[in-house]
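Each chain, letter by letter, is given below.
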Amino acid sequence: MLEPEKVQLSPMQKTWILDLDGTIVVHDGPYILGKDKFLPGAQEFLASIPENDIIIFLTARGEWEKNHTLKFLKENHVRYDHIIFGAGQGERILINDNKPDGLVTALAINTTRDCFCRTRFETDYNLGTMYD
């Protein structure tokens, strides 16, 4: 899906699967800038994700980039549950089933490299209510 203006989400717990380079931090920042740097709005967005949601980072960065990546996230107080290094540089494909009431449980948003996602994520309290 191209980047929509807004997306309505249920109030249920979510799993956020986020790429790092070009979506959260400047693509190839350690090589171009000598360090990682957040894209404008990315750090604030990460801090706004509810504590009970799960955050998973994917990155094509190799094991040799692991230490400085983890240090950057720690120094900037970025909360995450899992991080996967060595993810391929090609497409990332998520397959999930919809809930019986029709709640769509998978969403993919493609952004322009080095421009943080502008989509507004809004909670619709009428979605997913049968799973309280």
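Higher on the page you've got the structure.
A few points on the structure.

Parameters at a glance
Counting restarts for each chain: residues are numbered from 1 in the order of the written sequence. For this predicted model, a pLDDT threshold of at least 70 governs which residues receive local features, and a threshold of 80 or more governs which side-chain atom pairs are given and counted, while totals over whole chains, interfaces and linings are taken from all residues. To obtain the side-chain values, all non-hydrogen atoms of the structure were included, while hydrogens and water were left out. A pair of strands is labelled paired if DSSP reports no fewer than 2 bridges between them. Secondary structure elements are defined from DSSP: runs of H or I of at least 4 residues count as helices, runs of E of at least 2 residues count as strands, and each element is numbered from the N terminus. Think of each axis as a best-fit line through the C-alpha atoms, taken over the contacting stretch in the case of a helix, with angles from 0 to 180 degrees between the N-to-C directions. Only residues above 30% relative accessible area that lack a salt bridge enter a patch, with like-charged residues linked at up to 9 Å and the nonpolar side chains Val, Leu, Ile, Met, Phe, Trp and Tyr linked at up to 5 Å. Using the Shrake-Rupley algorithm and a 1.4 Å probe, accessible areas are obtained, with residue cover drawn only from the displayed protein chains. Each salt bridge in this description consists of a side-chain nitrogen of Lys or Arg and a carboxyl oxygen of Asp or Glu lying within 4 Å of one another. Accessibility here uses a 1.4 Å probe with only protein chains present; expressed as a share of the type maximum, an area under 20% marks a residue as buried, one over 50% as exposed, and anything in between as partly exposed.

## So, the sheet that holds strand S4 (residues 82–84)
Taken in spatial order, the three strands make up an open sheet running S2-S3-S4, and their pairing is parallel. The strands lining the two open edges of the sheet, one partner per strand, are strand S2 (15–19) and S4. Averaged over all neighbouring strand pairs, the angle between strand axes comes to 20°, with direction disregarded. In terms of strand pairing, S2 meets strand S3 (residues 54–58) through five bridges, oriented parallel. Bridge pairing in S3 links Ile-17 to Ile-56.

## Describing a nonpolar patch on the surface
A cluster of nonpolar side chains, namely Tyr-31, Ile-32, Leu-33 and Trp-64, defines an oily patch on the protein surface of about 550 Å² accessible area. Looking at the element boundaries, Trp-64 is found in the loop between S3 and helix H3 (66–75). A residue is classified by how much of its surface remains accessible, and Trp-64, at 69% relative accessible area, is exposed.

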